[in-house]
Each structure stands twice: as C-alpha cells, then as structure tokens.
Amino acid sequence: MESKSSPGSISVSAPLTKDDDLYRIEDRYAQLEKSFSSNRPKEDLAKVRAAFEFSRDQHIGQARKSGEPYIIHPIAVAQILVDMHMDLVCVETALLHDVVEDTGVTIDEIRKRFGPEVAVCVDGVTKLGKIQLYSREEQQAESVRKMLLAMVGDIRVILVKLCDRLHNLRTIGSLSREKQTRIGQETLDIYSPIAHRLGMGKVRAELEDLAFAAIDPEAHADICGQIEHKRKASQEFLEGIQKSVEQKLAREGIPARVEGRVKRPYSVYLKLKKQKIPIEQVYDLLALRIITDSLKNCYAALGVIHNEWPPIPGRIKDFIAMPRQNGYQSLHTSVMGTGGQAFEVQIRNEEMHRLAEEGVAAHWKYKEGRRGKSTEEQYVNWMRQLVEWQQEMRDPGEFMSTLKVDLYSDEVYVFTPKGKVVVLPRESTPVDFAYAIHSDVGNACVGSKVNNRIVPLKYSLKNGDVVEVLTQPGHMPSKDWLGFVRTSKARNKIKQIINATERSKAIEIGEKYFEKEARRLSVSISKIDEAILAQVLEDYGVGKLEDLFANLGYGKIEARPILMRLSPERAAQEEAKASEAVAPPPSQANMDKEAKNLALRVKGLNDVMIYRAPCCNPIPGEAIVGYITRGKGVAVHSISCTNVQNLMYEVERKIDVEWAKSGVESFDVQISITTDDRPGMLAQFTQILFSENSNIRSLEARGDDDRDGAVVDMKIEVRDKRQLEKILSALRRIPGVRDIERKS
Ligand code: MN
C-alpha cells in the first residue's frame, strides 16, 4: 500500500496493515473506485485515490465506536454518493469530510492538495458538523440558518452531509441509547425534511426509518411486524394483481415495469398515529407502482387500471399536472380490487421516477464534470429565499415555525379563475394565495371569493378551490393578517409593509418633535446652512434628513444637540447663558412625568416620544393602545377609554404600545368613593392604603346630601392594575362603602 507523507500526517505503520486485513479497507476502496469509474468513466481516478489515501493516513489510529478503523466511514459515505451518481468533487469531499474536524489538517491544506471546490465543500461539511441542532428553538433556528447558508454556497455540502448522517444512522447501534435518541430526533427535525424538500425520496425514507428505529426501537419493531404480517397475508393477492396489470398493459402496447411497494414503517407509524386507525385501514399500505416510458403512457396506464377496477372517488391525484413543491410527479389512484380489497396504484415515467427517488441529486446523474447551475436552481432558490426571510425575522421561534410550514407541510392545490394551479402549504388562506400571485395583489387584497362565494380572508383553502382575490388599489395589509397567513412569502411581505408604515410614523413624530424643539430653542430651521446640515447628517450616520427624523421619532437621538449644531449662534448664546446662571433644576412634576413615560414603549421601537393620555391615565397591566398625535409624540390610552373610539377613525395613526418591564415607578390614580356618612370611614380608607403600601396624594371629602352619604375623592399612588384592583376590592369590603369609581 502506498501513502503520501505530508506535513503533520502520521506515517503508515503496522496497525494499518492489520486493520486492512481485518476490515478489507483496500477492497472497500476498490469497490468504490469501480462503481465510480463505471458511472463516470471520464473522471480522474487518481484524484479519488489521492483523497482516499490522504484521509486514511490522517485518520490512522482512530476507531469508530464500533471498533472499526475510522476510514471505513468516509469510504462508506463516498460509496453512497457514488451510488447516487454524484460527481468527483462530491466523492473527494466525502472521503475527506471528517479530516479537518478529527485530525490536525487545515482547510488551507485541503485547498492546496485538492483544489478550491473540494476545500469549500469540506469546509461546509465541517461547519455543519459543529452546529448544535438538538437544542432550544432559537438555537435551532440559528443552526438551520447556518445550514441553509452552507447549502446555498454549494448544494453538494448538504448532499455529503445527508449521506454522512445516513451512514452514521446505519451504524448507530454501538452508540448509547441517549445518543441514538438525540441523533434520531435531530434527523427527523432537520435532515429528513431537508432531504424531502430537495426531492430525495430514497434518502429521506431511509433517514426516517433509521431515525424512527433509533428513537423508539419497540414501536419500530411493532410496526414492522404488523406490516410484514399484512404483506404476507396479501402477497398472493398482490402478485395476482401485478400479473394481471402487466398483461393488460402489454395488451394495450404500454411498455412498463410493475413493482409492488410496501409503505415504509415510519410513514405507516405516522398515519396510524395521526388518523388513529388500525393497520387494516391504511389502504395505501400496499401499492403497485407502474413505471412506463412516457408522460402520455402514464395517463394511458391510468385508463387501463380504471377500466379494470373502479377507482375510489376522491383518491385520484394528478401530481403530473400539479407537481409537488419539491418537484415530485406521479399519478396516484386507489381502486377497489376483486373481493373488495382496495389498493393504491402509482404511475410515473422513468424520468419522474428518478426525480422522485433522487431529487436534486438526479441532476448530476448524466452530467460530467462541471455542475449545471440552472438545473438545481429551483432548489437553491427556495433556500436562498429562506435565508433572506430568516434574516428579516427577528424572532427565532417564528422562523422555525415558518420553516416547518415550508419543510413539513402537506400541500393544497388551488386554481386561479383562469385555471392556473397554485400550490400552497395546507391551511393557507386567500391572503397567502394573493401573495403567491404577486406582492401587489397581496397588498391590495381586501376580500376573496372561493368557488364564487365570498369567504373571510382567513378562510382555509381546500384542494380544488377556485380562488379570486378582490383588490382595492392603495389598500394596505393589516397586521392581523400575520395571525393567519401560512406562507413565508405572505408573512414576509406583510411585515415589510408594516415596518415601512411604522417608519413613516416615526419620521412624522420625529419631524414634529424637531420643529417643536426648534421653536422652543428659537432656532430658525429655514435659515439652516446646507453645508452644516450635510455635516450633521454625516456625523449621525444617516443619508437623508428623513433618516434623521426617523431616528428622532424612534427616540434614538435627541433634537436639542442637533439643533445646537445646526445653529452655531444659538449654541454660543446658550453657552454664554450657562456660564451666567446655573440652570434651574427640573421641576419634580416634570421628572415624574419623564419617569412614568419610561414605563411605556412602542412595540418594536425604542423610546419613541410617548406619554400617558390624561383622559384615561392608564396604568401598567391595563390594555393600552397608542395614538400618534400631531407634534406631541405618541399618546397612550387605555383601550376602554371613550376618547380612543373617537380618535381611532384615523386608523393609520394607531400604533401598538406595551408596558416596559420596569416596575419601580408608581402612578397616580383618581378614585371616588361613595359611602355612608359615618365616623371612622376615612381612617379605615387610609389604613388600607397604608397596608397596601400606597400613598395618598390628595384627599377631599364632602357630604352627599341627596343620598344621605358622603363622597371621598382621593388621588392615590399605585404600581399597576393588580395593586389598584387589590386596593379597590379591599375598600369595597369596608361596611358602608356603596360604590367606588375610578375617575382617571
Ligand atoms: Mn462523518
């Protein structure tokens, strides 16, 4: 055996020979080389050998958990890829995929020896390996983002990674139970959905079944037993049907292979769990698969089948006319066999079959050397979009749920009024449909008709629905839509618009604030020097005056220092004044006001100018809404405030606000107590307030002669709604208290 010595590599020594005898490493490699050269006769085998030998020498002395020499693993991963007809770079990457992670070799060295493409792929696989996938949701979201980024760089990275995972699962038996569960779960959460999305049906199926067995060996064995039992029982039946189909197709001159197919354990398991049915009722458990030569013959074969056995209504699916999002094409039908036993038939041509089994990998099959960018484009585009969206979605939980919809969901097929098919995730709404047509249609969407009847915008679309979108030019998407849209495209576009609207609100607030401060400081805005303004904008890191206003509106910066910069004369005056007299301390009232407003903020924005509306005087814990005033920032009202209803006719001025979690301030609340007029009442009131740690800011009692009682008006300090309610209910319990009203 030869070996190249390299800096840092361990030289070949006796144990290798022993391993080689025991595990027939050379034989395994020879098999790899043989399959590779028969699939891709023009490729340079010397390069494959170089990668193998380098990897073998680096991993020397390392063993897998099973005790096998480590090199067995990269060879096996490469073999899987070769069997998928993958190219030279893929095979080299597979052989080298653990070298950087597990030995001292650097990516630079890989690049020097094997070229930039292999280096990029090995680097990608190494980075994917370091990602913690089995973790809290936000970490998982970040991990998936990294995976997507790696895939966008070169899709072969994920192909190698999927095969790496596949081989690890095949040999998972020597790991601890805990590790098996973790790896299995991670596979079901991340890897198999990605394989599915890339159309790699075969890899996905094996990943899922192996992961299922790793997570729950008993359930897996149980399902396998049940399937086997059912298969044996129906074997004769199925063989009879198969023969009969073969004969009938031959008689019609339709060339075809007919295979029996048994549903995979994991999908049976999911079906049983989801539909809560016994295995007898899974009527696509056994299926026939007809693979013919052309698209035309797919439909011809379907005709032959339906001519012989009556189709079960509602079970015919034409995925040829309406391919699944991952490109899957086939005709599916369930028919009633003789003796009342139903079975499923899947019909496709060779091309469709290859795509169904191999997906994105199929594109490499007949390609030599360079990979063709255009063919994998549809898959890469999807990932690129996801990455973009992910960057805009701040909330990792939300990203995960979007991703799950995109990756895992079943699809629903609906039509435009002109008969064009639109494929959407299940439970999509007319709004999703509108955005799938065009962003402008989505934005202007005000209503929808499904099958000619008006439906609510959150209507859940069904297969075959004909969807019409009613639009109104200039209409803006509503924030409520975010509560029901399913597609990432709709979600993303709605958010973009809402952010833009909030920004324009911030600009408006900022501009008014700026003008007001200018008036207060007697700076004439019209006389501002262009050059100074340009300099100020640059110093604040913004391009336009508008951006400066936006920052003012968001409360990121203050107006005064800007105005002082813009008006050097005023600044000089101020300075002179400051040296003359010490500025008076801010009044207590003003300071209180400032502090209280700190307890509020506009959702998603920081420190916008904001204050509590005096009419309803909301306190923490109460449902509130913001209203953009002209020139005074955002007024916050209690939702129950009667003024709100009147103010909100200008819907676009409404803005979401929330209580910040500070909790140290207290708030004045005015209450009015109607009580029997008898001695000792006031003492009882003050006692309660004292024990609740609330201060009385003012108190006024007067007789209410009409009703032979007294009215006590009090201004008290409370922290929040809860404290107020506690105080009020304690006051109400005092004998003689008739009624308590909150005035503001
Ligand atoms: Mn590996």
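The structure displayed is predicted, hence computed values, not measured ones.

About the thresholds
Residues numbered from 1 in each chain as written. Predicted model: local features only at pLDDT ≥ 70, side-chain atom pairs only at ≥ 80, totals over all residues. Heavy atoms only, no water. Helix = DSSP H or I, 4+ residues; strand = E, 2+ residues; numbered from the N terminus. Contact = heavy atoms within 4.5 Å. Areas by Shrake-Rupley, 256 points an atom, 1.4 Å probe, with all protein chains shown as cover. Pairing = 2+ DSSP bridges. Axes fitted to C-alpha atoms, helices over the stretch in contact; angles between N-to-C directions. Donors = N, O, S within 2.8 Å, 3.2 Å for Na, K, Ca; no water. Buried < 20%, exposed > 50% of the residue type's maximum accessible area, 1.4 Å probe, protein only. Patch = residues over 30% accessible without salt bridge, like charges linked within 9 Å, V, L, I, M, F, W, Y side chains within 5 Å. Salt bridge = Lys/Arg side-chain N within 4 Å of Asp/Glu carboxyl O. pLDDT = per-residue confidence, 0-100. Polar contact = N/O pair within 3.5 Å; in protein donor to acceptor, adjacent residues only side chain to side chain. Left-handed = near helix turned anticlockwise from the far one by under 90°. Nonpolar A, V, L, I, M, F, W, Y, C, P; charged D, E, K, R; others polar. Core = buried A, V, L, I, M, F, W, Y, C linked by side-chain atoms within 4.5 Å. Arc of directions from axis to C-beta. Parallel < 35°, antiparallel > 145°, perpendicular 65-115°, else oblique.

Side note on the overall build of the chain
No. 1: Scanning the chain from N- to C-terminus turns up 29 helices and 20 strands.
No. 2: In the chain, once contacts between residues fewer than 6 apart in sequence are set aside, the share between residues at least 24 apart is 67%.
No. 3: Accessible surface, the chain: about 36800 Å² in total, of which carbon and sulfur atoms supply 50%.

Comments concerning the sheet that holds strand S1 (residues 256–262)
Sheet strands line up and pair through hydrogen bonds in the backbone, either parallel or antiparallel.
No. 1: Taken in spatial order, the five strands of this open sheet run S1-S2-S5-S4-S3, and their pairing is mixed. Among the strands making up the open sheet, the edge pair consists of S1 and strand S3 (317–318).
No. 2: With six bridges joining them, strand S4 (residues 331–336) and strand S5 (residues 342–349) adopt antiparallel strand pairing. If you follow His332 over to S5, its bridge partner there is Gln346.
No. 3: The strands touched by helix H16 (residues 350–358) are S1, strand S2 (286–292) and S5; relative to S5, the strand with the most contacts, the crossing angle is about 105°.

Focus: the coordination of the manganese ion
No. 1: Surrounding the manganese ion are the protein donor atoms His73 (NE2), His97 (NE2), Asp98 (OD) and Asp164 (OD), at 2.2 to 2.3 Å.
No. 2: Expressed as a motif, the donor residue spacing for the manganese ion is H-x23-H-D-x65-D. Separated by 25 residues along the polypeptide, His73 in helix H4 (residues 72–83) and Asp98 in the loop between helix H5 (88–96) and helix H6 (99–102) bring together distant segments of the chain.
No. 3: A relative accessible area of 1% means that His73 is categorised as buried.
No. 4: We classify Asp98 as buried; its relative accessible area is 11%.

What about a nonpolar patch on the surface?
No. 1: Residues Leu682, Ile696 and Leu699 make up a contiguous nonpolar surface patch of roughly 210 Å² in combined accessible area.
No. 2: Following the sequence through the fold, Ile696 ends up in strand S18 (residues 696–704).

With respect to the sheet that holds strand S12 (residues 610–612)
No. 1: Across the sheet, four strands lie side by side as S12-S14-S13-S15; this open sheet has mixed pairing. In the strand order of this sheet, the two ends are held by S12 and strand S15 (654–655), each with one partner.
No. 2: Two elements, strand S13 (residues 624–628) and strand S14 (residues 634–638), share five bridges in a ladder whose sense is antiparallel. Along S14, the bridge assignment pairs Ile624 with Ser638.

Details of the confidence of the model for the chain
No. 1: Confidence in the prediction for the chain averages 80 pLDDT; 81% of positions are at 70 or higher.
No. 2: A low-confidence stretch, residues 366–375 stays under pLDDT 50, and its non-local contacts, those more than four residues away or across chains, total 19 contacts.

Describing H16
No. 1: All buried positions along H16 are accounted for by Met352, His353, Arg354, Ala356 and Glu358.
No. 2: Sitting at the amino-terminal end of H16 is Asn349, which places a side-chain oxygen 3.2 Å from the backbone nitrogen of Glu351.
No. 3: Following H16 by one or two positions, Gly359 adopts a phi angle in the positive range, close to 55°.

Some points on the packing of helix H7 (residues 107–114) against helix H8 (residues 116–130)
Helix packing geometry: the angle between the two helix axes and the distance between the axes.
No. 1: Relative to each other, H7 and H8 sit at 150°, their axes nearing to 7 Å. Of the two elements, H7 crosses H8, and the hand of that crossing is right-handed. Between H7 and H8, the residues in contact are Ile107, Ile110, Arg111 and Phe114 and Pro116, Val118, Ala119, Val122 and Asp123, respectively.
No. 2: Its residues assigned to classes, the contact of H7 with H8 comprises seven nonpolar, no polar and two charged.

Points about the environment of Leu285
No. 1: Locating Leu285 in the fold gives a position in the loop between helix H14 (265–275) and S2.
No. 2: For the pair Leu285 and Arg264, spaced 21 residues apart in sequence, the C-alpha separation works out to 8.3 Å.
No. 3: Apart from the residues lying within four places of it in its own chain, the contact partners of Leu285 are Ile227, Lys230, Arg261, Val262, Lys263, Val268 and Ile279.

A look at the nonpolar core
No. 1: Core analysis: the biggest nonpolar cluster contains 60 residues, and Leu81, Leu95, Leu96, Ile110 and Met200 have the highest contact counts within it.
No. 2: Contact partners of Leu95, with chain neighbours within four places excluded, come to Leu32, Val48, Ala51, Phe52, Ser55, Pro74, Ile75 and Ala78.

A word on helix H28 (residues 681–691)
No. 1: Among all positions in H28, only Met681, Phe685, Ile688 and Leu689 are buried. One side of H28 carries all its buried residues, which in axial view fall inside an arc of 95°. Across from the buried face of H28, at angles greater than 90 degrees, the exposed residues are Phe690 and Ser691.
No. 2: Looking one or two residues past H28, Asn693 carries a phi angle of roughly 65°, positive in sign.

Details of the side chain of Ser428
No. 1: Along the chain, Ser428 falls in the loop between strand S7 (421–425) and helix H19 (430–437).
No. 2: In this structure Ser428 comes out as buried when scored by relative accessible area, which is 0%.
No. 3: Only 2.6 Å separates the side chain of Ser428 from the backbone oxygen of Pro425, close enough to count as a polar contact.

Let's talk about the environment of Leu731
No. 1: On the secondary structure map, Leu731 appears in helix H29 (residues 721–732).
No. 2: The buried category is assigned to Leu731, whose relative accessible area is 0%.
No. 3: Separated by 46 residues in sequence, Leu731 and Phe685 place their C-alpha atoms 6.6 Å apart.
No. 4: Apart from the residues within four sequence positions on either side, Leu731 is in contact with Ile671, Ile673, Phe685, Ile688, Val737 and Ile740.

Some points on unusual backbone geometry
No. 1: If you check the backbone angles, Ser522 has positive phi at about 55° while not being a glycine.
No. 2: Tracing the backbone through its elements, the reader meets Ser522 in the loop between helix H21 (488–520) and helix H22 (530–539).

Quick look at the packing of H21 against helix H24 (residues 559–566)
No. 1: At their nearest, the axes of H21 and H24 sit 10 Å apart, and the two run at 60° to each other. Looking at the two axes, H21 sits oblique to H24. In the packing of H21 onto H24, the handedness of the crossing is right-handed. Between H21 and H24, the contacting residues are Tyr513, Phe514, Glu517 and Ala518 on the first element and Ala559, Arg560, Ile562, Leu563 and Leu566 on the second.
No. 2: Considered class by class, the residues forming the contact of H21 with H24 number seven nonpolar, no polar and two charged.

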